[in-house]
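Residue-level listing of the chains:
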Amino acid sequence: MRLEGSQLQDAYLEDRCDVLVLGSGTAGAIAAMEAARAGKKVILLEEGKYFAPEVKRNFKIAESVRSLYRNQGGMVAFPWGDTPPVVITLGCGAGGSSALTGGVCFRIPDKVHRHWAKELGLTELALDKLLPFYHKVEELFSIRETPQELRSKGVFKFEQGAQRLGITCKPVKRNMTDCRGCSRCNFICPHGAKQSVDIVCLPKAEECGAKLYFEFRATRLIAKNGKVQAVAGEILDSQKKRKGKFTIHADTFVLAMGTVHTAHFLLKNRACNNSGLVGKGLTLHPAIRIYGLFDEVLNSHQGALQSVYVDDFMDDGITLIAIHVPPNIISVTLPGIGPGHREFVRLSKQMAAFGAFYHDQPSGRVWRGLGREPFVTYRLSSQAKAGLVKACQVIGQIYFAAGARQILLPIWSKTVISSPDELKSLTPETVKGKWFEISSYHPLGTARMGLDRHHSVVNQFGQTWDYPNLWISDGATLPTSIGVNSQEPIMALALRNTLHMLEVGNNRQ
Amino acid sequence: MKSFTFSQRQLNIVIALCERFFRSENPKDASPSQLNIAAKIDVWLAELSPNLQSLIKMDLWAINWFPILFVRRFRNFLQLTPQEQDCYLCKLEECRFLTLRTMFLALKTIFYLNFWDEEIPLREVGHDFASLLENRGRV
C-alpha cells in the first residue's frame, strides 16, 4: 500500500505498526523489506515525492535535479578555515541517494575492517563477520564488474596514459543489469538497469504488506519510560508545505534518513546524545573532477558513467574513479560566460573526465539548523588538501601521457593547465584549500558505532544506547570514513542490523 | 510573464543575466529570450525551500548592486552597458573573495543547468541531442 501526502484529504493521520522505518534510501528500504518479509507490520516514511519508475525514467536532467535531489542539489557544507563550500549530493524521494548513484559498489577495504576490529575493538565489524552480508547484497542487487565494452573512449584514453605510467586501472563493480552505457546514472537510469533500492527493495516490501508513506516529514520523536513510543510530523503537499499532521506508534523504530538528516533529527529531538557525539565526526570524502582535452572527438558520455578505478594511491588516501556525465551537466561545470563558455561546451566532445576523492578524517559537523534543514560545517584538513593536489597531479600526468592538449582543474585561478611543467608547479604550498571546487557523495559518521554509551551513539548493530527500540541503520553509524563508495557497505550493514534487530525483537517476545 | 519565485525587478535581473551568460557570436543561434530560459528558471526555483529561495534572491540583489565595487560605476547591473555587464560577470567568476565567487557560481550553475538542458543550444554547439534525449548511449 502506498500513500502520498499530497493526495490525502485528511489533515490528521494516526497509525500503528510493528516497525516504523524513517527514510526510503539504501538502508531504510532494506530494513523495510526485511522486516516486512519477517511478517512484521511495517510503515516506511519518506519526505520526498513518489514518482513511478516509468515517469522518472523520462525526466530531463534539470527535472531530475529539481525533483529527486534534496534542495535541488543545493545542500552545502559551510567552510571552516582554509576550505571551500562543499556541495553534498543527497537524494530525496523513493530510493533516496541510492537512485542517484553511479551504481558503484565496493566492499570496505580490508585495512579499514582491520582498523575497526583491532584498534577500535569493533569486532562485529571484522571482515569475516560482514562477509555473508556482502555476499547476500551482491546477489540481491546484481553487483558485478562493468564489462569492458561499456568503457567510453575517454576511459580508454585514461587507461592508455595510466599504462604508460605503470598505473593499473581496475573494473568497477556496479549494481546493474543490462546497462546500455548512457552515463545518466546520476539522474535516474532511463532503462531501469540500475538495481537501486527503489527498484529492488521497495516493491518487495510493498508486496509483503509494508505501507509506504511519501511526503511525510518526521519531526518529533515521542519517548516515554526509556522507550520511543511514536514519531510525529508533517504531511506535505506537492509544494512541500505542511498540509496536515501525523502520529505513528510502533514497537521498533529505524532511523535511516541519511548521515546528515539522521543526525539532524536526533539533534532536533535532543535524543541519544549523552555522548555529545551526535552530529560530530562527519566525513565527506571530498571529491573533485578533472577534465583532459584531446584533439579528437571522444563523446565520452557514450559509455558507463563509472567503469574503472585506480587504487594505487590508497595509501595516500586517494581513490581515483572514472566519471563522465552527459554534456548537459558537463556544460554546467565548465568555466566562462558567453561565447567563451560556448566554446568550452563545444569542446566537451573532446574531453575525458576522471574523478578522485580523499579518505578524510572526521572534520565536519551537523548542527541543528534554524529552519527545516540542518546546518553543516566542514574543515578541509591540510592532509586532505595535499591529497587533492596529488590527485590533480596524478590524473593530469595520466592525461598528458595519453596525449591531452590541456587539463581542466577544479582549482580557482589554475583552471586551465597546458603543460606537464605547469602541472608540476601545483603543490600544497602554492594551492589554497579554498581554491578547490569540491563536492561530496559519501557523507558518513555522525552517529557512530562504538563499545559504550560515552564514546558512541549506537552499539555495533546500530541500536541506540538511550532507547533500546530505536535503531540507526545508515551511513551515520560508520565509525570512520572508508575510502571507497559507501553504497555496498551501507547495504550490508543495513541488512545485518535489520536481521539482528528482528532477532532481538523475537527473543524479547 | 507569470512569476512563481521572483518579483518583476528580480525577473529583470534574471533576464539580463541570461542574455549575458548565453550570448553567442553567431547571430543565428537562438537567444535565451527566444528559449524562454528566465521563465524556466523561475519555475524551476519555485519548488525550492523558502530559505533557499531567499538566498537566491539575496544573491540576485548582491549581483545587481556589486558593480559599485567591481567596475567602479555608481550604477546597478541593469544600468550597465552590455560590455560592462560582461566585464563585471567575468570579474565575479574570477573574484578572489570566496563568498562572492561561490554566490556567483551557485547562480551560474542554476542558469546553465536550465539552459543546457534544452535541445537547441546543445545542437548549436554540435552535440547530438537526439541520442542524448533517447538515452541510447553506446548503441
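A closer look at the packing of aromatic side chains
In step 1: Considering all chains together, one arrives at 20 aromatic pairs over all chains under this definition.
In step 2: Taking the centre distance of 5.6 Å and the plane angle of 80° together, the rings of Phe-158 of chain A and Tyr-399 of chain A count as edge-to-face. Placement of the pair is Phe-158 of chain A in helix 6 (residues 153-164) and Tyr-399 of chain A in helix 11 (residues 382-401), with a sequence separation of 241 residues. Note on accessibility: Phe-158 of chain A and Tyr-399 of chain A belong to one class, buried.
In step 3: Ring geometry for Phe-22 of chain B versus Phe-115 of chain B: centroids 3.8 Å apart, planes at 10°, classification stacked. In this pair, Phe-22 of chain B sits in the loop between helix 1 (8-21) and helix 2 (32-35) while Phe-115 of chain B sits in helix 7 (residues 98-115), placing the two residues 93 residues apart along the sequence.
In step 4: Overall, the relative accessible area of 0% leaves Phe-115 of chain B in the buried class.
In step 5: Ring-pair connections join several aromatic residues into one group, and the members of that group are Phe-21, Phe-22, Phe-104, Phe-111, Tyr-112, Phe-115 and Trp-116 of chain B.
In step 6: Over the aromatic face of Tyr-50 of chain A sits the side chain of Arg-2 of chain A, whose NZ or CZ is 3.9 Å from the ring centroid.

Concerning the interface of chain B and chain A
In step 1: Counting residues at the interface gives 49 residues for chain B and 51 residues for chain A.
In step 2: Approximately 4,100 Å² of surface area, both sides summed, lies buried where chain B meets chain A, with 56% of it carried by carbon and sulfur atoms.
In step 3: In this assembly, chain B and chain A are joined by three salt bridges.
In step 4: Where chain B touches chain A, the interface holds 20 residue pairs in polar contact (both at pLDDT 80 or more).
In step 5: Listing elements by their share of the side of chain B that touches chain A, those giving two or more residues are helix 1, helix 3 (37-45), helix 4 (50-65), helix 6 (82-93), helix 7, helix 8 (119-124) and helix 9 (129-133) of chain B.
In step 6: The dominant element in the side of chain B that touches chain A, judged by the number of residues it contributes, is helix 7 of chain B, at 11 residues.
In step 7: Tallied by class, the residues present in the side of chain B that touches chain A amount to 23 nonpolar, 10 polar and 16 charged.

What counts and what doesn't
Residues numbered from 1 in each chain as written. Chains lettered and ligands numbered in written order. Predicted model: local features only at pLDDT ≥ 70, side-chain atom pairs only at ≥ 80, totals over all residues. Heavy atoms only, no water. Phe/Tyr/Trp six-rings, centres within 6.5 Å; stacked < 30°, edge-to-face > 60°. Helix = DSSP H or I, 4+ residues; strand = E, 2+ residues; numbered from the N terminus. Buried < 20%, exposed > 50% of the residue type's maximum accessible area, 1.4 Å probe, protein only. Lys NZ or Arg CZ within 6 Å of the ring centre and 35° of its normal. Contact = heavy atoms within 4.5 Å. Buried area = accessible area lost by both parts, 1.4 Å probe. Salt bridge = Lys/Arg side-chain N within 4 Å of Asp/Glu carboxyl O. Polar contact = N/O pair within 3.5 Å; in protein donor to acceptor, adjacent residues only side chain to side chain. Nonpolar A, V, L, I, M, F, W, Y, C, P; charged D, E, K, R; others polar.

Keep in mind these values describe shape, not function.
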